[in-house]
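Read off the chains here:
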Amino acid sequence: MGTEHSKNEGQRSMVFLRKGPKLPAWEDALLAGREPRSLLKRGLRYVSLSLIMKGMTSTPDFLWGLHEVQKLNLSRNQLVVIPPSLGKLDRLVVLNLGGNCLKCLPKEIGLLRNLKVLFVNMNCLKEVPAELSLCRKLEVLSLSHNCISQLPLSFTDLTSLRKLNLSNNRFVQIPLCIFALRSLDFLHLGSNKLENIAESIQYLVNLQIFIVENNNIRSLPRSLCYISTLELLNADYNAIQTLPDDLYLLHRLRRIAWNPMDKGLHIAHNPLSRPLPEVVEGGLDVLFNYLRDKKEHN
């Protein structure tokens, strides 16, 4: 009798386990009966997890228990929201959220104090949380292809930031906070709605690549000519008519560049006043000599 009772209890327990909460179909497919940590890859530098193009509409719950993850790739899904639980992954060094449908980022992103690289390109962001400025180790940030028109002033605290991509957004002017980022060596503001470049651009003393193509810029500021580190200046497809006389001071610009990938001065597709179009055709040395002579005779 006792044995039969125990047997029945065991069967009922098994039934109970089988009727436990089920994972969503796509989450179950990710795991396929495996322990979540089996998805991790342990490389020489990082413990990484890649969930690219998995058709995810929300993040899997098991993700937030993988505290050892340092490199996380959730790009090219259909994620609409990243939950506050993101803050639990405080060992993250690289986070890729590109190619989703995110309208905002959780303020808990500020808890990722070890974060160095963040991609949130090709989403639907209209703003960036001020708490992102708490990620003081951040070196690379891409917010391209969103709907952002301004940045929080707290971004001045991102003093380690070296590469910033804000292209294909809705900026009418360069946010003031950017001019405080003295470590920047790459700044991409192409395909926005810029009408000018503030003289404060000169404070970016380490800038090597500056891209402002496809805007409505009417002139380049004289102060831009004092950034002696510039190796690529792309101002193609704007409304520029004249060039500053001191442009010849940018001695690291090696050529008039026509290929978007080449370093040098990109000034094509602008309504340059004569004789500048012909001078530019002659190459960079001819242009610089023209500007130098022009300055000496003024």
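What counts and how
Residues numbered from 1 in each chain as written. Predicted model: local features only at pLDDT ≥ 70, side-chain atom pairs only at ≥ 80, totals over all residues. Heavy atoms only, no water. Helix = DSSP H or I, 4+ residues; strand = E, 2+ residues; numbered from the N terminus. Rg over C-alpha atoms; globule rule 2.2 N^0.38 Å. Buried < 20%, exposed > 50% of the residue type's maximum accessible area, 1.4 Å probe, protein only. Contact = heavy atoms within 4.5 Å. Lys, Arg positive; Asp, Glu negative; His and termini not counted. Charge placed at Lys NZ, Arg CZ, Asp CG, Glu CD. Core = buried A, V, L, I, M, F, W, Y, C linked by side-chain atoms within 4.5 Å. Salt bridge = Lys/Arg side-chain N within 4 Å of Asp/Glu carboxyl O.

- The chain is annotated in an unreviewed UniProt entry as LRC30 protein from Dasyornis broadbenti.

Notes on the overall build of the chain
Step number 1: What the chain contains, in helices and strands, is 4 helices and 11 strands.
Step number 2: A compact globule built from 298 residues should have a C-alpha radius of gyration of about 19 Å, whereas the chain, at 26 Å, is more than 25% larger.
Step number 3: Across its three principal axes, the chain shows a C-alpha extent of roughly 115 × 35 × 30 Å.
Step number 4: The buried share of the chain, taken over its 298 residues, is 46%.
Step number 5: Counting only contacts in the chain whose residues sit at least 6 apart along the sequence, the fraction spanning at least 24 positions is 32%.
Step number 6: For the chain, the separation between the mean place of its 37 positive charges and that of its 27 negative charges on side chains is 7 Å.

Here we look at the nonpolar core
Step number 1: The biggest cluster of nonpolar side chains holds 84 residues, and the ones touching the most others in it are L151, I178, F210 and L287.
Step number 2: Elements represented by at least two residues in this core include exactly α2 (25-31), β2 (47-50), α3 (276-281) and α4 (284-296).
Step number 3: Ranked by residue count, the leading element in this core is α4, at 4 residues.
Step number 4: Beyond its immediate stretch of four places on either side in the chain, F210 contacts I174, L187, L189, I197, I201, L224, L230, L232, L233 and N234.

Some remarks on the pattern of salt bridges
Step number 1: Across all of its chains, the model carries 13 salt bridges by this definition.
Step number 2: For K163, the salt bridge identified is with D185, shortest N-O distance 2.9 Å. Of this pair, K163 sits in strand β7 (residues 163-165) while D185 sits in the loop between β7 and β8 (186-188), and the two are 22 residues apart along the sequence.
Step number 3: For K163, a relative accessible area of 31% corresponds to the partly exposed category.
Step number 4: You can call D185 buried: its relative accessible area is 13%.
Step number 5: Where K295 meets D246, a salt bridge forms, and the shortest distance between an N and an O atom there is 2.6 Å.

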